[in-house]
Amino acid sequence: MAAENRKRLKPSITTALVFGFGALIVAGMIVVLAISMWSAQKNTRSLLADNARLAMLSLVRETRRQLNPVKTTNAYVAELINANRIDTEDTEDMSNALLTAMAGVEQVFGMAYIHPDGRNIRVRRGVGRLPYAALAATPLFAASLAEAREHRTTYWSRPIWLERQKTTVISVRTPIWEGDTFRGVLVAGVAVNALSRFIARSSGGPLTGNRFILYGRDHVLAHSNMAAGGYVRQPDVPLPHLNQVGDDILANIWNTEDRGRLPIQLDAATRGNAVRIDGEAHIFLYREMTEFGDTPLLVGIYAGPDDGLGVEFNRLAWSGFAAIAVIILCVLGAVILGRRVSAPIRQLAAGSQAVAELDLENVPRLRPSRLRELDDAAAAFNRMTAGLRWFGTYVPRDLVDRLIERDAPFESEEKTVTVMFTDIAGFATLSEHMPAAETAELLNTHFTILARCIEEEGGTVDKYIGDSVMAFWEPEDDGPGVDRALRAAAAIRAGVAAENARRAERGEHAVDVRIGIHTGSAIVGNIGAPGRMNYTLVGDTVNVAARLEQFCKDYAGRDGSTILVSGETAALSSRHDALTALGRRAVRGRDGEIEVFSL
C-alpha cells in the first residue's frame, strides 16, 4: 500500500514532458525576453543618441551655413578694396559693390563702409543705398572704430541695437589697412529676427522641435518666438534674457535644483542636462561655437516627454510586460514579426550599400514602419540621404570619388594645371535695378550652364565668387587638360549665346561672359583650417588666369563673349587654328609680360 501511494505521487511522463519541457521553454523564453529587452534598450538608447547627434550636427551646420557666407562675402569685398578694384572714395562704385555682394547672400540685413573721419556708405536689403548719416559724434561709432583698429583680419563684433529699424544685428567687420594706415572698416549685419526665422523654419522632426541659439549663457540670440521682432532687450547686451522670450522650458536650462540623469550618451562635442519641470522630464542638448565672436554661441535643442524620449522608454517597458503575458503567442508572433522586420532591414542594407557606392540617385526612400525604432531609423536614413544629396550639390562628385578611393588624405602637391576664370560683363550695372530673387535666378541659370560645360570636359568647379567662377583641370593622360578647358570655354560661349536668345525673346538684357585661361604650376590639395578644408589650388597660375579674365574688358568677342588664353596654354593646345595672337601684355604684380591669344 505504501509503495502504491508513492507511485501515485510521482508525475506521469506526460505531465513531466508538459511541465518539464514547458517550464524549460518558458524559462528559455524568459531568458531570451530578458536579453531581448536589454538589447532593445541598448538599441533604443543608441538610436536616440544617433538622432541627437544628427540633430545637433544639422543645427551646427545650418548655423554655419547662415553666418559663414556673410563673413566670406565681407572678406571678399575687402579683398577687392585692398586690390583697388573698388574705389572707396567713389560713393556710386562702393554702393554698387555692396549691393552686388549683398544680393548673393540673402541673410545679410545690410552692409556699410565707414571711413575713419565718419563718412559712410550704407546699403540695406529691400531699400538700397541709404542717405548719409552723421556718425562721427556717436559713442557707438567711436567704439566701433577703436575696436576695428585693434584687428587686422575679419572678425565678428558684439550685437548692436538699431533704433530706427527696431532690431538687433550681429555684424561681421573687416578693417581695411594700407600698410600701417587705417582706411576704414567694412561691416555686414545679420538681423536677429531673421536668424530666428531661420530657426523656426528649420524646426521639425525628432529632437528638432525646440531649437535655440544663446549668446553666452544668459541671452537668447535666436528663438522661434523672436522671429516677428518686438522682443525685450537688456541694456548691456541688446538681446532678451532666457526668461524674456516666453519659453518657460528654455528658462530652466541652467536649473540645478531638479537635475536628472540623461537617458542617452552624448558625443564628445555635445553637452547636455536633464531637468524636471512641473514633474515632467526635459533634456537639453547644446554645442558651443566659438568662431562667431569673443562671446561663444550655444546652439541647442530641448525635448520633453512628448518629443520622442519618454514615449520610447515607456513603450519599451510595456512591451516587456505584454510579452510575459502572451509569451506562448509571441513565439508565433515573433516568426511573423521577424519576417516583417527583416523587410525594412533589407531595404536599409540595400540603401546603405547604394550610399557607400555614392549612387545617391538610386537610393530608395525607406517606408515608415509601425515599429518606432525602425521608423526612427528609416526617418534618420531618409534625412541622411537627403542631406547627402544636398552635400553633392556643394562638392563635385568626381572629387568625392577620388577622396573615397584613397586610403590616405590628399597631400598638397605641385602640379601643372589649367585654370579658368569667368565673369559676367557689367554685372554690377545689370543687377543694380534687379530684385534680389531675379538676380539670384539669373546667377543660378548662368552658373548651371557654366558648371555643365566645365564638368562635361572633366573640369572641377573650385568656387563661385559673386558672379565669377573659378575652375581647373588637373593633369591626366592627355596632359594638363588644355584642350578640355578650351572646349569647355567654347561650349560656355555657345550656351550663353543660346540663353541670350531666350532672354531676348522675354525682353531681357543679354548676358556677356568673359573667360581667362592659363596653364602653369600650382599647389593643389587640401588647404584651410582643420575644421574647414577646401580642395583647391593656389599660386601664380591662378593669379594670371584671373588677370586674363580682366584683360577681356579690352577686347570685343563674338556672340558677346570674350575668351583669352595665355601663351603657355596656347603652346600646349592642339587647336592652334582656333587661336588668334593679340600680342604681349604686362600683368600687374608680376614681372615680365605674357602672350595673349583669343579663342
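Remember, it's a predicted structure, so these values are computed and weren't measured experimentally.

## With respect to the overall build of the protein
- Summing up its helical and strand segments, the protein has 14 helices and 21 strands in all.
- A total of 599 residues make up the protein; the buried ones form 43% of that total.
- Here the contacts in the protein between residues at least 6 apart in sequence split such that 60% fall between residues at least 24 apart.

## A word on the nonpolar core
- If you look at the biggest cluster of nonpolar residues, it comprises 69 residues, and the most contacted ones within it are Leu221 and Ile253.
- Sorting elements by how many residues they give to this core places helix α2 (residues 13-82) first, with 13 residues.
- If we ignore the near neighbours within four places in the chain, the residues touching isoleucine 253 are Phe212, Leu214, Leu242, Arg259, Asn273, Val275, Phe284 and Tyr286.
- Core analysis: the second largest hydrophobic core is formed by 34 residues, Ile454, Trp473, Ile492 and Phe597 among them.

## With respect to unusual backbone geometry
- In this model, asparagine 84 sits at a positive phi of 60°, which is unusual for a non-glycine residue.
- Structurally, the position occupied by asparagine 84 is in the loop between α2 and α3 (91-103).
- With a phi close to 55°, lysine 166 is a non-glycine residue in the positive phi region.

## Re the side chain of threonine 536
- Mapping threonine 536 onto the fold places it in strand β18 (residues 532-538).
- In terms of polar contacts, threonine 536 uses its side chain to reach the side chain of aspartate 462, at 2.6 Å.
- For threonine 536, the residues in contact, after removing those within four places along its chain, are Asp462, Lys463, Ile523, Val524, Gly525 and Ile527.

## Here we look at the side chain of serine 561
- Structurally, serine 561 is set in the loop between α13 (540-551) and β19 (562-566).
- Ignoring sequence-local partners within four residues, the contact set of serine 561 consists of Arg493, Val496 and Val513.

## As for the packing of helix α11 (residues 436-456) against helix α12 (residues 482-505)
- Packing of α11 against α12 brings their axes to within 8 Å, and their N-to-C directions diverge by 150°. Compared by their axis directions, α11 and α12 come out roughly antiparallel. Here α11 and α12 pass one another in a crossing that is right-handed. Together, Leu442, Thr445, His446, Ile449, Leu450, Cys453 and Ile454 of α11 and Ala488, Ala491, Ile492, Gly495, Val496, Glu499 and Arg503 of α12 make up the contact between the two elements.
- Here the contact of α11 with α12 is composed, by residue class, of nine nonpolar, three polar and two charged.

## Overview of the sheet that holds strand β13 (residues 297-303)
- Spatial strand order, β9-β8-β13-β12-β11-β10: six strands in an open sheet with antiparallel pairing. Of all the strands in the sheet, just β9 (219-223) and β10 (259-260) have a single pairing partner and so form its edges.
- As defined by bridge partners, β10 adjoins strand β11 (residues 271-277) across two bridges and the pair is classed as antiparallel. Looking across to β11, one finds that arginine 259 is bridged to valine 275.
- Sheet strands in contact with helix α5 (residues 192-201) are β8 (211-215) and β9, and its direction is about 55° off that of β9.

## Focus: the environment of asparagine 500
- Positionally, asparagine 500 belongs in helix α12.
- You can call asparagine 500 buried: its relative accessible area is 11%.
- Distance from asparagine 500 to aspartate 512, taken between C-alpha atoms, is 8.5 Å for residues 12 residues apart in sequence.

## Examining α11
- Taking 1.5 Å of rise per residue, the 21 residues of α11 would be expected to cover 30 Å, and the 30 Å separating its terminal C-alpha atoms lies within 8% of that figure.
- For α11, the full list of buried residues reads Thr439, Leu442, Leu443, His446, Phe447, Ile449, Leu450, Ala451, Cys453 and Ile454.
- Glycine 458 sits one or two positions beyond α11 and adopts a positive phi of about 80°.

## A short note on the confidence of the model for the protein
- Counting all residues, the mean pLDDT for the protein is 79, and 75% of those residues have values of 70 or more.
- Taking the mean pLDDT of every element in the protein, the minimum, 50, falls on helix α1 (residues 2-9) and the maximum, 93, on strand β4 (residues 155-156).

## As for the pattern of salt bridges
- Overall, the coordinates contain 24 salt bridges when judged by the stated rule.
- A salt bridge links lysine 463 to aspartate 462, with the shortest nitrogen-to-oxygen separation between them at 2.4 Å.
- One connected set of salt bridges, linked through shared partners, spans Glu499, Arg502, Arg503, Arg506 and Glu508.

## Observations regarding α13
- Taking 1.5 Å of rise per residue, the 12 residues of α13 would be expected to cover 16 Å, and the 16 Å separating its terminal C-alpha atoms lies within 8% of that figure.
- For α13, the buried fraction is high: nine of the 12 residues fall into the buried class.
- Here α13 has its buried residues at Thr541, Val542, Val544, Ala545, Ala546, Leu548, Glu549, Gln550 and Phe551.

## A few points about the packing of aromatic side chains
- All chains considered together, the criterion is met by six aromatic pairs.
- A ring pair is formed by tryptophan 254 and tyrosine 286, whose centres lie 5.4 Å apart and whose planes are at 75°; its orientation type is edge-to-face. A residue pair is termed long-range when its members are at least 10 positions apart, and tryptophan 254 in the loop between β9 and β10 and tyrosine 286 in strand β12 (residues 280-289) qualify at 32 residues. Residues tryptophan 254 and tyrosine 286 agree in their burial class; the two are buried.
- Put simply, the rings of Phe212, Phe284 and Tyr302 touch in pairs and so form one group of aromatic residues.
- For arginine 152, the ring lying beneath its charged end belongs to tryptophan 177, and the centroid distance is 4.0 Å.

The rules we used
- Residues numbered from 1 in each chain as written.
- Predicted model: local features only at pLDDT ≥ 70, side-chain atom pairs only at ≥ 80, totals over all residues.
- Heavy atoms only, no water.
- Helix = DSSP H or I, 4+ residues; strand = E, 2+ residues; numbered from the N terminus.
- Buried < 20%, exposed > 50% of the residue type's maximum accessible area, 1.4 Å probe, protein only.
- Contact = heavy atoms within 4.5 Å.
- Core = buried A, V, L, I, M, F, W, Y, C linked by side-chain atoms within 4.5 Å.
- Polar contact = N/O pair within 3.5 Å; in protein donor to acceptor, adjacent residues only side chain to side chain.
- Axes fitted to C-alpha atoms, helices over the stretch in contact; angles between N-to-C directions.
- Parallel < 35°, antiparallel > 145°, perpendicular 65-115°, else oblique.
- Left-handed = near helix turned anticlockwise from the far one by under 90°.
- Nonpolar A, V, L, I, M, F, W, Y, C, P; charged D, E, K, R; others polar.
- Pairing = 2+ DSSP bridges.
- Expected span 1.5 Å × (residues − 1).
- pLDDT = per-residue confidence, 0-100.
- Salt bridge = Lys/Arg side-chain N within 4 Å of Asp/Glu carboxyl O.
- Phe/Tyr/Trp six-rings, centres within 6.5 Å; stacked < 30°, edge-to-face > 60°.
- Lys NZ or Arg CZ within 6 Å of the ring centre and 35° of its normal.

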